[in-house]
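The lines below spell out each chain.
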Amino acid sequence: MSTDSAADQQAAPATGRAARRSRDAERRIDRRSLLRPGDGPMIVFEGVVKRYGKDAVGLDGVSLSIDAGEFVFLVGASGSGKSTFIRLLNREMEPTEGRVIVGGRDLGRMRRSKVPYLRRGIGCVFQDFKLLPGRSVYDNIGYALEVTGDNPRSIRRKVPEILSLVGLSDKGERLPNELSGGEQQRVSIARAFVNHPRLLIADEPTGNLDPDTSIGIMQLLYRINRTGTTVIMATHDRDLVDKMQMRVIALERGKVVRDERQARYATVEP
Amino acid sequence: MRPGFFLREAWRSIRANAAISVAATVTVMIAVFILGAVIPSFLYVQSTVDKQKDRLDISVYISDSATNAQVQGLSDRLEQMKGEGLVKSYSYVSKDDALKELKGRLNNPDIIELLPSNPLPASFKVLPTDPERNPDIAARLQDSPALDRTLENGISYAKETSDRLLKILKVIQIAGVVLIGVLLVASVLLIGNTIRLSIFARRREVEVMRLVGATNWFIRWPFVIEGIICGVIGAAAAILLIWGAKIAVVDDFVRSNTDGSLTRDEATTIGFVWLGLILIVAGGLVGALGSGITLRRFLKV
Ligand SMILES: Nc1ncnc2c1ncn2[C@@H]1O[C@H](COP(=O)(O)OP(=O)(O)OP(=O)(O)O)[C@@H](O)[C@H]1O
Ligand SMILES: [Mg+2]
């Protein structure tokens, strides 16, 4: 793989500014390579159970696999375990039983210190956006780049780019609480995608949005998927799912009750 | 790393918790102010005592009947102890010198003229390196045949005075160290508390930072810098206060001290610039330590 040969070239000890830059680039490659599915699937769940306390069950024995480059809808009633599924992917929490493998990495065996690098490789659009409250839209997105050690010049270039992609070019200086729900959602998507992750997970990114805005966001995610990014989207939006005809994984009380390609929100009952 | 970014983050945090940050800065200021008053006073006392210590010399009286060779023997022993570092210096005081000195100290010097002969012995004035070892020095001179044994068995030193002085010095040293230690620990805890509140106020934000892939230290640095900024600003304010106090009180006091009793012993203390530097560094360290300790406890992965 190209990343390995790049690591080999690092053998000679480098000094000076140029060398430091190349070492930074090296480190970035290293970080991205945390997700390295190779020819295997991007995501594998093996008998995953997640219990909250004694009787609350988030997921109840889920086994499935998602290939790199797929677009997957995760559907199910409220409380069926969609958010639980998503939170297991970036190790926001760990399963009670079973294994979660992302990009060829068993998250149960991943060292704590590696988790930040895992998360940089996964773009995440949270159900409640999780924007940093006191910071402008621009700084919110910039933060995701700062974390990776990206340099200021590249940040100044990338943030406006992604803002125009989500149609918020004129709102960069606003604070999150000065934005509508749909706008915050788009900031959240912009932040999730600004590092061009191999995997993008979105928890109800169209919740509470009017149909037109939903379609806009859907198109955005679809475009992101076409660049090769695996996209997993949890949603209640029946019309949207029906229109897209993508793989649908349906959850019910923590169990996978349906997993179909080019499917609709619900099974068609003729 | 990225100092500019972390500095901006720290400043943002300070502004967000302005009230708490000001409180911490003020406590550091008070602690550093006291520290800034204690250090020079402590050094002044120490230097005064050191100067006193220089007076804790030994007189070795030489018999009038001692031969030149015997006196030379005494002087050789002193020279040897000087080589060993036991004796700092020594000087010979002849009979005439002794008489002159006595004359100088008397209110009515003329009575000296009434003496038939000079009753004062010649002597060596021995300045020890460490007055606590005066007895050792005395022991090694004790058996010299040159000694005038009519006077305190030939060797005299202010045993009482030296013991008392040394004790006082030790007490002052310990008290100073304890006081400064307590103040520093208090400041560290107060800064730590500020950072704890700051972390608490931003715990949701910290959670989000983690979720977008910030490493532990990426999140921590701004808090550490926040602590250092509070410490350094507090120290700077304290230095201004101390400077004001110096001009308003100390300088005035020294000027009005016309009999020179304050500067009589040539006791010295630390210069203002050095003091300022030490205090600034102390403030920064206190801030870094306070936030560091807190981060270890409250901002684990
Ligand atoms: N932190 C928690 N503590 C206890 N129970 C929890 C916790 N998080 C989720 N649950 C429970 O786990 C189940 C699945 O929750 P989850 O958030 O995954 O549902 P969801 O499908 O995302 O629902 P929604 O569509 O409303 O977002 C629910 O019954 C919920 O009550
Ligand atoms: Mg949910």
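Rules used throughout
- Residues numbered from 1 in each chain as written.
- Chains lettered and ligands numbered in written order.
- Predicted model: local features only at pLDDT ≥ 70, side-chain atom pairs only at ≥ 80, totals over all residues.
- Helix = DSSP H or I, 4+ residues; strand = E, 2+ residues; numbered from the N terminus.
- Rg over C-alpha atoms; globule rule 2.2 N^0.38 Å.
- Buried ≥ 20, exposed ≤ 12 C-beta atoms within 10 Å, placed from the backbone.
- Contact = placed C-beta atoms within 7 Å.
- Axes fitted to C-alpha atoms, helices over the stretch in contact; angles between N-to-C directions.
- Parallel < 35°, antiparallel > 145°, perpendicular 65-115°, else oblique.
- Left-handed = near helix turned anticlockwise from the far one by under 90°.
- Nonpolar A, V, L, I, M, F, W, Y, C, P; charged D, E, K, R; others polar.
- Near = placed C-beta within 6 Å.
- Pairing = 2+ DSSP bridges.
- Core = buried A, V, L, I, M, F, W, Y, C linked by C-beta atoms within 7 Å.
- Domains from an automatic or database assignment.
- Expected span 1.5 Å × (residues − 1).

1. Some details on the overall build of chain B
Inference 1: Secondary structure summary: chain B contains nine helices and four strands in total.
Inference 2: Over its C-alpha trace chain B gives a radius of gyration of 30 Å, far above what one expects of a compact globule, namely 19 Å for 301 residues.
Inference 3: The dimensions of chain B, computed from C-alpha atoms along their principal axes, are 100 × 40 × 30 Å.
Inference 4: Counting over 301 residues, chain B shows a buried share of 32%.
Inference 5: In chain B, the share of contacts with a sequence separation of at least 24, taken over all contacts with a separation of at least 6, comes to 90%.

2. Observations regarding the overall build of chain A
Inference 1: Within chain A, the regular secondary structure consists of nine helices and 10 strands.
Inference 2: Residue burial in chain A is summarised as follows: out of 270 residues, 40% are buried.

3. Examining the packing of helix H5 (residues 137-146) of chain A against helix H7 (residues 181-193) of chain A
Residue and element names in this part refer to chain A.
Inference 1: Viewed as axis vectors pointing N to C, H5 and H7 meet at an angle of 25°, and their least axial separation amounts to 8 Å. With respect to their mutual orientation, H5 and H7 come out roughly parallel. For the crossing formed where H5 meets H7, the hand is right-handed. Only Val187, Ala190 and Arg191 of H7 make contact with H5, whose side of the interface consists of Val137, Asn140, Ile141 and Ala144.
Inference 2: The residue inventory of the contact of H5 with H7, partitioned by class, reads five nonpolar, one polar and one charged.

4. Some points on the site of ligand 1
Residues and elements named next belong to chain A.
Inference 1: Near ligand 1, the surroundings consist of 13 residues, among which Tyr52, Ser78, Lys82, Ser83 and Thr84 are the closest.
Inference 2: At three residues, the largest contribution of residues to the shell around ligand 1 is made by helix H3 (residues 82-89).
Inference 3: Per-class residue counts for the shell around ligand 1 are two nonpolar, 10 polar and one charged.

5. Considerations on the sheet that holds strand S2 (residues 56-66) of chain A
Residues and elements named next belong to chain A.
Inference 1: Spatially, four strands are ordered S2-S1-S4-S5 in an open sheet, and the strand pairing comes out antiparallel. Here the strands that pair on one side only, and so sit at the sheet edges, are S2 and strand S5 (105-106).
Inference 2: As paired strands, strand S1 (residues 43-52) and S2 are joined by eight bridges and run antiparallel to one another. Along S2, the bridge assignment pairs Tyr52 with Ala56.
Inference 3: Relative to S1, H3 is tilted by about 120°, and along the sheet it contacts S1, S2 and strand S4 (97-102).

6. Overview of the interface of chain A and chain B
Inference 1: Taken residue by residue, the interface counts 16 residues in chain A and 12 residues in chain B.
Inference 2: Among the elements of the structure, helix H4 (115-120) and H5 of chain A are those that each provide at least two residues to the side of chain A that touches chain B.
Inference 3: For the side of chain A that touches chain B, the element with the most residues is H4 of chain A, which contributes four residues.
Inference 4: Counted by class, the side of chain A that touches chain B contains eight nonpolar, one polar and seven charged residues.

7. Quick word on the pairing of strand S7 (residues 199-203) of chain A
Residues and elements named next belong to chain A.
Inference 1: Most of S7 is tucked away: five of the five residues are buried.
Inference 2: Where burial is concerned, the two faces of S7 agree: the one with Leu199, Ile201 and Asp203 and the one with Leu200 and Ala202 are both buried.
Inference 3: Both strand S6 (residues 122-125) and S7 contribute to a ladder of four bridges, which runs parallel. The partner of Ile122 across the bridge, within S7, is Leu199.
Inference 4: One ladder, built from five bridges, connects S7 with strand S8 (residues 230-235); its direction is parallel. Among the inter-strand pairings, Leu200 is bridged to a residue of S8, identified as Val231.

8. Considerations on the nonpolar core
Inference 1: Leu74, Ala190 and Ile201 of chain A together with Val28 and Val32 of chain B are the most contacted members of the largest nonpolar core, which totals 107 residues.
Inference 2: Setting aside anything within four residues of it in sequence, one finds Leu74 of chain A in contact with Lys82, Phe85, Ile232, Met233, Ala234, Ile249 and Leu251 of chain A.
Inference 3: In this structure, Met81, Tyr90, Ile137 and Ala146 of chain B belong to the second largest nonpolar core, which totals 19 residues.

9. Digging into the domain arrangement of chain B
Inference 1: If you check the domain split of chain B, you get domain 1 (3-52 + 164-298) and domain 2 (57-157).
Inference 2: The C-alpha-based centres of domain 1 of chain B and domain 2 of chain B are spaced at 51 Å.

10. Points about unusual backbone geometry
With the exception of glycine, the majority of residues adopt a negative phi angle, and the majority of peptide bonds are in the trans configuration.
Residue and element names in this part refer to chain A.
Inference 1: Unusually for a residue other than glycine, Glu204 sits at a positive phi of about 45°.
Inference 2: The residue Glu204 is located in the loop between S7 and helix H8 (211-226) in this model.
Inference 3: Of note in this structure, Gln245 is not a glycine but carries a positive phi near 55°.
Inference 4: Position of Gln245 among the secondary structure elements: in the loop between helix H9 (238-244) and strand S9 (247-252).
Inference 5: Exposure remark for Gln245: the 11 C-beta atoms within 10 Å place this residue in the exposed category.

11. Focus: the packing of helix H3 (residues 68-83) of chain B against helix H5 (residues 134-141) of chain B
Two quantities define a packed helix pair, namely the angle between the helix axes and the distance between the axes.
All names here are of chain B.
Inference 1: Between H3 and H5, whose axes approach to 10 Å, the crossing angle comes to 145°. The way H3 lies across H5 gives a crossing that is right-handed. Contacts from Leu74, Arg77 and Met81 of H3 reach H5 at Ile137, Arg140 and Leu141.
Inference 2: When the residues that make up the contact of H3 with H5 are grouped by side-chain class, the tally is four nonpolar, no polar and two charged.

12. Topic: the environment of Arg8 of chain B
Inference 1: Mapped onto the elements of the fold, Arg8 of chain B is located in helix H1 (residues 3-16).
Inference 2: Counting along the chain gives 205 residues from Arg8 of chain B to Gly213 of chain B, while the straight-line C-alpha distance between them is 19 Å.

13. Considering helix H9 (residues 272-298) of chain B
Inference 1: The terminal C-alpha atoms of H9 of chain B, which comprises 27 residues, lie 38 Å apart, in line with the 39 Å expected from a rise of 1.5 Å per residue.
Inference 2: All of the buried residues in H9 of chain B are Leu275, Leu279, Ala282, Gly283, Val286, Gly287, Leu289, Gly290, Ser291, Thr294 and Leu295 of chain B.

14. Brief notes about the environment of Ser187 of chain B
Residues and elements named next belong to chain B.
Inference 1: Relative to the helices and strands, Ser187 is located in helix H6 (residues 159-201).
Inference 2: Residue Ser187 is classed as buried on the basis of its C-beta count, with 30 C-beta atoms lying within 10 Å.
Inference 3: As a C-alpha pair, Ser187 and Ser41 span 146 residues in sequence and 21 Å in three-dimensional space.
Inference 4: If near-sequence neighbours (up to four positions away) are discounted, Ser187 is found in contact with Thr27, Val28, Ala31 and Val286.

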